[in-house]
Amino acid sequence: MKSMLRRANKFVMLLAPLLACAVFSCSRHGSRLVGTDGGQITVAAAISLKDAFLSMAQTYQERTGDKVNFSFGASGELLRQIEAGAPIDAFASAGQREMDDLQSKGMVEVATRADFARNSLVMVAPAGSTLGLNAVSDLARPAVKRISIGNPKTVPAGMYAQQMLAHMQLWQKLQPRLIFAENVRQVLEYVERGEVNAGIVYSTDVSIAHGEVQVAARAPEGTYGPILYPIATIKGSPHPGAAKEFVRFVLAPDGRRVLQEFGFLPVK
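So, here is what we can say about the structure in this document. These figures come from a predicted structure and were not determined experimentally. (Residues numbered from 1 in each chain as written. Predicted model: local features only at pLDDT ≥ 70, side-chain atom pairs only at ≥ 80, totals over all residues. Heavy atoms only, no water.)

Observations concerning the overall build of the protein
Put simply, the test is: A helix here means a DSSP run of H or I that spans at least four residues, while a strand means a run of E at least two residues long, and both kinds are numbered starting from the N terminus. Residue exposure (1.4 Å probe, protein chains only): buried if accessible area is under 20% of the type maximum, exposed if over 50%, otherwise partly exposed. In this description, contact between two residues means that some pair of their heavy atoms is separated by no more than 4.5 Å. Residue-level accessible areas treat just the shown protein chains as cover; the underlying method is Shrake-Rupley with a 1.4 Å probe.
In terms of helices and strands, the protein carries nine helices and twelve strands. Looking at the 268 residues of the protein, the share that counts as buried comes to 47%. For the protein, the proportion of contacts with a sequence separation of at least 24, taken over those separated by at least 6, is 76%. When the accessible surface of the protein is summed, it comes to about 13,100 Å², and 54% of that surface belongs to carbon and sulfur atoms.

Set out below in structure tokens:
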């Protein structure tokens, strides 16, 4: 019996380093090794970040060996998913309101929170539009029957659009013509298909429309609040170490470079 116990103990001692390496996946990040506590994370991200984040995740996986899964959608909808207990490791919002809400409820790791990108608003019209829209104020013309924006209650782009229209004293007048969308990319789809005469989206969204929309006007500066994207890890994340590594990557020069390639502006 003693002999069997000695052999078992020897086996455990030999196995221990292998188990440790399995728990802390030995992936190389720059010149150092990082423990990934699982090697796979889920990031909830505003849908306007989709193309940039998918590209960034590919580079991140090549560098670290860690896979990043995404849940893309309107920031308000993602907020509700996190509040409901979805297994999310990090959250990247298109607005401060949603991140502030989570932080007030003690659901984000405050030390990891940071703004990482800026954006701007543009008014777009179908590529074949003959209405001759050249300024946001043109939305008040009788010929403009349908205008799409994101739902201001759940879509940051819609909230910014509301701020702009209210500042220009157009909000009340345009109410009967407004078509609320579930997210900013849906606004773009409405415009692409010619289902609305105009829409208000982020400037970064225009490039994915493949020429189906035209920028009719840029939203006047000062008519809406700064569009800042915050990111943070979620408290109770299933993979806190890997989540923090991804946030650091987004904030690092390589992450910022990818964002700028997709039209996002640097944080001032």
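Text resumes after the structure shown.
Observations regarding the sheet that holds strand β12 (residues 227–233)
Remark on secondary structure: sheet strands pair via backbone hydrogen bonds, oriented parallel or antiparallel. Rules: By definition, two strands form a pair when at least two bridges between them are found by DSSP. The convention used is that axes are lines fitted to C-alpha atoms, helices contributing only their stretch in contact, and that angles between N-to-C directions extend from 0 to 180 degrees.
Sheet architecture is open: five strands sit in the order β4-β3-β5-β12-β6, paired in mixed fashion. Strands with a single pairing partner mark the edges of an open sheet, and in this sheet they are β4 (67–73) and β6 (114–119). Neighbour to neighbour, the strand axes of the sheet diverge by 20° on average, direction disregarded.

Overview of the environment of E77
Mapped onto the elements, E77 comes out in helix α3 (residues 75–83). Taking relative accessible area as the criterion, E77 reaches 36% and is therefore assigned partly exposed. Expressed as a C-alpha distance, the spacing of E77 and V155, which sit 78 residues apart in the sequence, is 8.2 Å.

Focus: helix α9 (residues 253–261)
Selection criterion: Arc definition: it is the arc formed by the directions from the helix axis to the C-beta atoms.
Of all the residues in α9, the buried ones are G255, V258 and L259. For α9, the angular spread of the buried residues around the axis is 100°, confining them to a single face. Of the surrounding secondary structure, the elements contacted by the buried residues of α9 are α2 (50–64), β6 and α8 (240–251). Backbone geometry just after α9 places G263 at a positive phi near 95°.

Topic: the packing of α2 against α9
Note the following rule: Roughly parallel covers angles under 35 degrees, roughly antiparallel covers those over 145, roughly perpendicular covers 65 to 115, and oblique covers all other angles. Rotating anticlockwise by less than a right angle from the far helix to the near helix defines a left-handed crossing, while the corresponding clockwise rotation defines a right-handed one. Note on residue classes: Ala, Val, Leu, Ile, Met, Phe, Trp, Tyr, Cys and Pro are nonpolar, Asp, Glu, Lys and Arg are charged, and everything else, Gly too, is polar.
One way to put it is that α2 packs onto α9 with a least axis distance of 9 Å and a crossing angle of 150°. Taken together, the axes of α2 and α9 are roughly antiparallel relative to one another. As for the relative orientation of α2 and α9, their crossing is right-handed in sense. When α2 is examined against α9, the residues A52, F53, S55, M56 and R63 are found in contact with a partner set consisting of D254, G255, V258 and L259. Counted by class, the contact of α2 with α9 contains five nonpolar, two polar and two charged residues.

Side note on the side chain of R185
Looking at where R185 falls in the secondary structure, it is placed in helix α7 (residues 184–192). When its relative accessible area of 10% is taken as the criterion, R185 is described as buried. If we skip the residues at most four places from it in the chain, R185 touches I47, S48, K50, D51, D205 and I208.

Note that every value here comes from positions in space, so none of it alone points to a role or purpose.
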